[in-house]
Amino acid sequence: LYFRNETDGIAVGSNGFSKAYITRTTNAGVNWLAGELDFSFSFQGLSGIGDNLFLLGTGSHLVKSSNFGEDWEFVPYNSPSPFYSIKFNNGKGYALTLYSNLYISEDGSGDEWTFVSHAGAEQSYAMEVLDENNIVILKENRKIVKSTDGGLTWETKLAALPYNARNRVGGLSFPDPNTGYAWVSINDYGNYYVFKSTDAGDTWEQVLVTGGPGSLSGNAGFFDANTGVLAGPGRWLLRTSDGGATWEQPELVGFPDHTSNRSFQDLFVVDENKAWAVGNKMIALSIDKGATWTFVEHGIADIDSAFRTVAFYNDTLGY
């Protein structure tokens, strides 16, 4: 809380869901008017000197204003934020934090990273780098933003829904630079939705709504513009081969009974036919565009094998 005089004050904090909250008064606290700021983290502290304000946000983020909160500026700073997506494309590396901070490794080595921008409100979970200019981010509450200048500025392409802590991200997949699929949960995990773009993420249409298992994990992976798989909790899988018009359950082969309630955590498409999926005590392989998934006995001892993510460098070398 900060008052610049006897009547004008500002208070900041969280809306209860780790979101930025700000409210102000012009009559010494008798009445307060709430507002919103375009940041994907809550505020933990406020200090002021005259009309100059300084906010401390979750993850040590810094925000400032020189006109008593009429305008706010994000202060670039390498804050200790959790990273949720990392991509390498055409000699550059791109890393995205939960709090929507984008960093770039210019030489693609990953040795040095430079802060580029803050991609606005709603926390970020998935990113696709289409080329050196076009980047798409899928956020919670169904929000999708896109940059056409290499991550310097961002424009909303699918507006966020009213906040719900369970409007979460399932996955984002672009099998080619124009075609993309975004998978999210809405209504307390009650329903899964898939949205499709055919113009490099500029516009999105809903192609699926279906009941979900009551939680959300996993990822989406597409082999081509028409064929792809969603892999989620409770060994839940769903596949389309006609661009999202119809969906069916893939066949599971060799999965032990004890994995029936295990959840997939990630999915990686290697080529036009082959993909890997990993999860809690599970590794699975498909070689027919996701129509069939075979349980793989990995033989790795002395770990709990709760696999979180998978990536392949080529057809044979994977991590």
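Residues numbered from 1 in each chain as written. Predicted model: local features only at pLDDT ≥ 70, side-chain atom pairs only at ≥ 80, totals over all residues. Heavy atoms only, no water.

## What to know about the overall build of the chain
Now for step 1: In terms of regular secondary structure, the chain is built from zero helices and 28 strands.
Now for step 2: In terms of overall size, the chain behaves like a compact globule, its C-alpha atoms giving a radius of gyration of 22 Å where 319 residues would be expected to give roughly 20 Å.
Now for step 3: Classification of the 319 residues of the chain by burial places 49% in the buried group.
Now for step 4: In the chain, the share of contacts with a sequence separation of at least 24, taken over all contacts with a separation of at least 6, comes to 40%.
Now for step 5: A total accessible area of about 14,900 Å² is found for the chain, and carbon and sulfur atoms account for 47% of it.
Now for step 6: Distance from the positive charge centre (21 side chains) to the negative charge centre (37 side chains) of the chain: 4 Å. (Helix = DSSP H or I, 4+ residues; strand = E, 2+ residues; numbered from the N terminus. Rg over C-alpha atoms; globule rule 2.2 N^0.38 Å. Buried < 20%, exposed > 50% of the residue type's maximum accessible area, 1.4 Å probe, protein only. Contact = heavy atoms within 4.5 Å. Areas by Shrake-Rupley, 256 points an atom, 1.4 Å probe, with all protein chains shown as cover. Lys, Arg positive; Asp, Glu negative; His and termini not counted. Charge placed at Lys NZ, Arg CZ, Asp CG, Glu CD.)

## Some details on the sheet that holds strand β17 (residues 169-173)
Now for step 1: On the basis of which strands lie adjacent, the open sheet formed by four strands has the order β17-β18-β19-β20 and antiparallel pairing. Only two strands of the sheet have a single partner each, and these edge strands are β17 and β20 (205-211). Pairwise comparison of adjacent strand axes, ignoring direction, gives a mean angle of 15 degrees for this sheet. (Pairing = 2+ DSSP bridges. Axes fitted to C-alpha atoms, helices over the stretch in contact; angles between N-to-C directions.)

## Let's talk about the packing of aromatic side chains
Geometrically, a pair of aromatic rings is defined through the distance of the ring centres and the angle of the planes.
Now for step 1: According to the stated counting rule, one finds 22 aromatic pairs in the structure shown.
Now for step 2: An angle of 55 degrees between the planes, with centres 6.3 Å apart, marks the rings of Tyr2 and Phe68 as tilted. Pair noted here: Tyr2 is in strand β1 (residues 2-3) and Phe68 is in the loop between β7 (61-65) and β8 (73-75), with a separation of 66 residues, a long-range link.
Now for step 3: For Tyr2, a relative accessible area of 13% translates into the label buried.
Now for step 4: On the basis of relative accessible area, Phe68 is assigned to the buried category, the value being 6%.
Now for step 5: With centroids separated by 6.3 Å and ring planes inclined at 85 degrees, the aromatic side chains of Phe3 and Trp32 adopt a geometry described as edge-to-face. Linking Phe3 in strand β1 with Trp32 in the loop between β3 (20-25) and β4 (33-35), this pair joins segments that are 29 residues apart in sequence.
Now for step 6: Residue class for Phe3 comes out partly exposed when judged on its relative accessible area of 30%.
Now for step 7: What makes Trp32 partly exposed here is its relative accessible area of 39%.
Now for step 8: One aromatic cluster is present, built from ring pairs that chain together Phe39, Phe41, Phe43, Phe74, Phe83, Tyr99, Tyr103 and Phe115. (Phe/Tyr/Trp six-rings, centres within 6.5 Å; stacked < 30°, edge-to-face > 60°.)

## Brief notes about the sheet that holds strand β5 (residues 43-49)
Now for step 1: Taken in spatial order, the four strands line up as β5-β6-β7-β8 in an open sheet, and their pairing is antiparallel. The open sheet has two free edges, formed respectively by β5 and β8, since each of these has just one partner strand. Going from strand to strand, the sheet's axes swing by 25 degrees on average, the running direction of each strand aside.
Now for step 2: Pairing analysis gives six bridges linking β5 to strand β6 (residues 52-57), with the strands arranged antiparallel. Residue pairing across strands places Gly48 opposite Leu53, the latter belonging to β6.

## Overview of the pattern of salt bridges
Now for step 1: What the rule picks out here adds up to nine salt bridges.
Now for step 2: When the shortest N-O distance is used, the salt bridge between Asp8 and Arg4 registers 3.3 Å.
Now for step 3: Look at Arg4 and you get partly exposed, because its relative accessible area is 35%.
Now for step 4: Lys146 is paired through a salt bridge with Asp202; the nearest N and O atoms lie 3.0 Å apart. (Salt bridge = Lys/Arg side-chain N within 4 Å of Asp/Glu carboxyl O.)

## Some remarks on the environment of Ala245
Now for step 1: Positionally, Ala245 belongs in the loop between β23 (237-240) and β24 (251-253).
Now for step 2: The sequence separation of Ala245 and Gly57 amounts to 188 residues, and the corresponding C-alpha distance is 43 Å.

## Concerning the layout of surface pockets
Now for step 1: For the largest pocket, the calculated volume is near 1,600 Å³.
Now for step 2: Together, 48 residues line the largest pocket, and Ser85, Lys87, Asn219, Asp266 and Thr309 are the ones closest to its centre.
Now for step 3: Breaking the lining of the largest pocket down by element, the ones donating at least two residues are β9 (83-89), β13 (124-129), β17, β21 (219-222) and β25 (264-269).
Now for step 4: Here the lining of the largest pocket takes seven residues from β9, the largest share from any one element.
Now for step 5: Split into classes, the residues belonging to the lining of the largest pocket amount to 29 nonpolar, twelve polar and seven charged.
Now for step 6: Its boundaries defined by the atoms lining it, the second largest pocket holds a volume of some 350 Å³.
Now for step 7: Along the wall of the second largest pocket there are 16 residues; nearest its centre are Lys19, Ala20, Glu36, Ala121 and Glu122. (1 Å grid on protein atoms, 1.4 Å probe; cavity = no way out; pocket = protein on both sides within 12 Å on 5 of 7 lines; lining within 4 Å. Points joined across faces, edges and corners; volume = space filled by probe spheres on them. Nonpolar A, V, L, I, M, F, W, Y, C, P; charged D, E, K, R; others polar.)

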